[in-house]
Amino acid sequence: MQYHLSCPICLKEDFQQFIVDLPPNNDGVYEVTCPKGHIFKTDILSHHFQTLFENAIHSLSNKYFIESFVSFAACYERFIEYFLNIVLISRGVKISSFEEAWKNIAKQSERQLGAFIFIYLQEFGVKPQLLSNSNIQLRNNVIHKGYLPTKKDCMKFGEGVLGFIRPVVELLKTESDFDLELTKSVNYTGIFDDREIHQHYMPYQLFAINRPINETDKKTISDFLNS
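Residues numbered from 1 in each chain as written. Predicted model: local features only at pLDDT ≥ 70, side-chain atom pairs only at ≥ 80, totals over all residues. Heavy atoms only, no water.

### With respect to unusual backbone geometry
Okay, so step 1: Despite not being glycine, Lys63 shows a phi value in the positive range, around 65°.
Okay, so step 2: Mapping Lys63 onto the fold places it in the loop between helix H1 (48-61) and helix H2 (65-90).
Okay, so step 3: For Lys63, a relative accessible area of 65% translates into the label exposed. (Helix = DSSP H or I, 4+ residues; strand = E, 2+ residues; numbered from the N terminus. Buried < 20%, exposed > 50% of the residue type's maximum accessible area, 1.4 Å probe, protein only.)

Structural data, given as structure tokens:
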């Protein structure tokens, strides 16, 4: 993953950004060495599903098709978790209670999907648009049957995931009940009690969780690959 960072030590002398490649990890904390040799820790504030989607595109551009497909699939599941988190906490459920309940279905994707469908139905009065049957079959073939996806498969599935997530994000952003939790949610990804972390950085995301919806949100997988 590529990020444009600034060194907190160099900032005392001159503000300059530099590009760094960071392999994604689970806690989002990275040790970085700037071009002048200063070493510092940065906390990348990014929702897990967003990082997975960007990793899928990055892997696809480098022709790592299996990693790309699996990252798209994981992004799909983690977005379902994110949606349930936002809606339920906005309705008064404590974060700790949500996390405790989630443990019961954390390893069961079908139950997660079922929870998503009925919470969505309860909130918006209609059933959600899900992945197409062909994409579900493709996912099952790759994840459970060892099918080796091609670039075309990754593009198709990635577009399906993109088409699933974007309308839900847009719907959440049009409902004022979810505004506060959407804004706050990125902070739940950070580690703010570690004094060794020198900066907290929120990259420009491919999904408009913490920014207005704009032209970026009309791009296809091909657009991202060619940009």
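### Points about H1
Residue pairs spaced three or four apart in an α-helix point in one direction, given the helix's 3.6 residues per turn.
Okay, so step 1: For H1, which comprises 14 residues, the first-to-last C-alpha distance of 20 Å matches the rise-based estimate of 20 Å (1.5 Å per residue) to within 8%.
Okay, so step 2: Counting buried positions over the 14 residues of H1 gives eleven, a clear majority of the element.
Okay, so step 3: Of the surrounding secondary structure, the elements contacted by the buried residues of H1 are H2, helix H6 (151-174) and helix H8 (221-226).
Okay, so step 4: Within two residues after H1, Lys63 carries a phi angle of roughly 65°, on the positive side. (Expected span 1.5 Å × (residues − 1). Contact = heavy atoms within 4.5 Å.)

### A closer look at the packing of aromatic side chains
Okay, so step 1: Throughout the structure, instances matching the rule amount to 16 aromatic pairs.
Okay, so step 2: Plain terms: the ring middles of Phe53 and Phe207 are 5.1 Å apart, the flat faces sit at 75° to each other, and that makes the pair edge-to-face. Of the two residues, Phe53 sits in helix H1 while Phe207 sits in the loop between strand S5 (197-201) and H8, which places them 154 residues apart along the sequence.
Okay, so step 3: Taking the relative accessible area as the measure of exposure, Phe207 reaches 2% and is therefore buried.
Okay, so step 4: Summarising the aromatic geometry, the rings of Phe98 and Trp102 are spaced 5.9 Å apart at their centres and angled 20° between planes, so their arrangement reads as stacked. (Phe/Tyr/Trp six-rings, centres within 6.5 Å; stacked < 30°, edge-to-face > 60°.)

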